Amino acid sequence: MTSSATNAPATVESINRTIEALADRNVDAVLVESREAALAKLLELVPEGCEVFVSTSETLDTIGYTEYMHGNDRYINLHDQMLAQPDAASQREFRRTTTTADYFVGSVQAIAETGEIVVASGSGSQIGAFAYGARRVIMVAGTQKICPTLAEAEARTRGYTLELHDRWLEGRGSGPAPIGKFLVMEHEPVVGRITMILIPESLGW
């Protein structure tokens, strides 16, 4: 996969095909105009007072949602509660409870124009929530993550995305890490459970 194919936002035609395919798989997809509009859409979709977990995501960092939620007591903020646990073992145990959050907000590694969503994780901590546990799932992604086929979406995830993740780890003083869990979301049985917010920019990995 070439760098230009990886980094460039998808065309309008590609985005429209993807939104239609996601809808066929019971994923509500909405295209917003900008990262600012994506943040506003999240504030609209996630009501104050609800239980919410915000997954680690470069995309959510970039649009300002991670910072907005940090220390925000207008929500039952499960991420803050997890960080408040006294040690790493307690945090891991608490994280298990986050998979059944009322609202789980995160991002994905790739989306196929045919409607499949690809998620890779080292620990798998968000995969249970995406696949079944969370009552509502909201995914935010730049349209550069759209790929023509599922095979290309998987290749993007195992190649380009993993490479950038390893660079991110190096910047934090850690070594490369393998993919621990790999999820392909092909169909959501619960109508209205999953919303995908697409941003026509190159955001995240």
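Structure: see above.
These figures come from a predicted structure and were not determined experimentally.

> I'm lost on the side chain of Gln144 in this one. Help?
Turning to its location among the elements, Gln144 is positioned in the loop between strand E7 (136-142) and strand E8 (146-147). With a relative accessible area of 3%, Gln144 lands in the buried category. Polar side-chain contacts of Gln144 include one of 2.7 Å to the backbone oxygen of Leu203.

> It is not clear to me how the layout of surface pockets should be interpreted in this structure. Could you clarify?
Left-over empty space is what a probe sized like a water molecule reveals as it rolls over the atoms. For the largest pocket, the calculated volume is near 1,100 Å³. In terms of lining, the largest pocket is formed by 41 residues, of which the most central are Thr56, Ser57, Gln126, His165 and Trp168. Among the secondary structure elements, those contributing two or more residues to the lining of the largest pocket are helix H4 (58-63), helix H5 (65-69), helix H6 (78-83), helix H7 (88-98), strand E6 (117-121) and helix H9 (150-171). The leading source of residues in the lining of the largest pocket is H9, at six residues. Within the lining of the largest pocket, the residues separate by chemical class into 14 nonpolar, 20 polar and seven charged.

> Is there a simple way to explain the pattern of salt bridges in this structure?
A side chain of one charge can pair with a side chain of the opposite charge if their charged atoms are brought near each other. Considering all chains together, one arrives at nine salt bridges under this definition. For Glu48, the salt bridge is made with Arg74, and the minimal N-O distance between the two is 3.2 Å. Here the residue Glu48 occupies a position in the loop between helix H3 (35-45) and strand E2 (51-54), and Arg74 occupies one in the loop between H5 and strand E3 (76-77), the gap between them amounting to 26 residues. On the accessibility criterion, Arg74 (40% relative accessible area) is partly exposed. A salt bridge links Arg96 to Glu93; its shortest N-O distance comes to 2.7 Å. Of this pair, Arg96 and Glu93 both sit in helix H7, three residues apart, roughly one helical turn.

> Which parts of the structure should I look at to understand the environment of Leu45?
Structurally, the position occupied by Leu45 is in helix H3. As a C-alpha pair, Leu45 and Thr157 span 112 residues in sequence and 27 Å in three-dimensional space. Apart from residues no more than four positions distant in its own chain, Leu45 is found in contact with Tyr103, Ile138, Thr195 and Ile197.

> Looking at this structure, how should I read unusual backbone geometry?
Both trends apply: most residues other than glycine have a negative phi, and most peptide bonds are in trans. One non-glycine residue, Asn26, lies in positive phi territory at about 65°. On the secondary structure map, Asn26 appears in the loop between helix H2 (12-24) and strand E1 (27-31).

> Even after reading the chapter, I still don't get the sheet that holds strand E9 (residues 181-185), so can you show me in this structure?
Pairing between the strands of a sheet comes from backbone hydrogen bonds, and it takes one of two forms, parallel or antiparallel. The strand order across the open sheet built from four strands is E8-E5-E6-E9, with neighbouring strands paired in mixed fashion. Of all strands in the sheet, those with a lone pairing partner are E8 and E9, marking the two edges. Relative to E6, strand E5 (residues 110-112) is paired through two bridges, and the arrangement is antiparallel. Counted as the bridge partner of Ile111 is Ile117 from E6. Packed on one face of the sheet, H9 meets E5, E6, E8 and E9 and runs near 170° to E5.

Definitions and limits used
- Residues numbered from 1 in each chain as written.
- Predicted model: local features only at pLDDT ≥ 70, side-chain atom pairs only at ≥ 80, totals over all residues.
- Heavy atoms only, no water.
- Helix = DSSP H or I, 4+ residues; strand = E, 2+ residues; numbered from the N terminus.
- Buried < 20%, exposed > 50% of the residue type's maximum accessible area, 1.4 Å probe, protein only.
- Polar contact = N/O pair within 3.5 Å; in protein donor to acceptor, adjacent residues only side chain to side chain.
- 1 Å grid on protein atoms, 1.4 Å probe; cavity = no way out; pocket = protein on both sides within 12 Å on 5 of 7 lines; lining within 4 Å.
- Points joined across faces, edges and corners; volume = space filled by probe spheres on them.
- Nonpolar A, V, L, I, M, F, W, Y, C, P; charged D, E, K, R; others polar.
- Salt bridge = Lys/Arg side-chain N within 4 Å of Asp/Glu carboxyl O.
- Contact = heavy atoms within 4.5 Å.
- Pairing = 2+ DSSP bridges.
- Axes fitted to C-alpha atoms, helices over the stretch in contact; angles between N-to-C directions.

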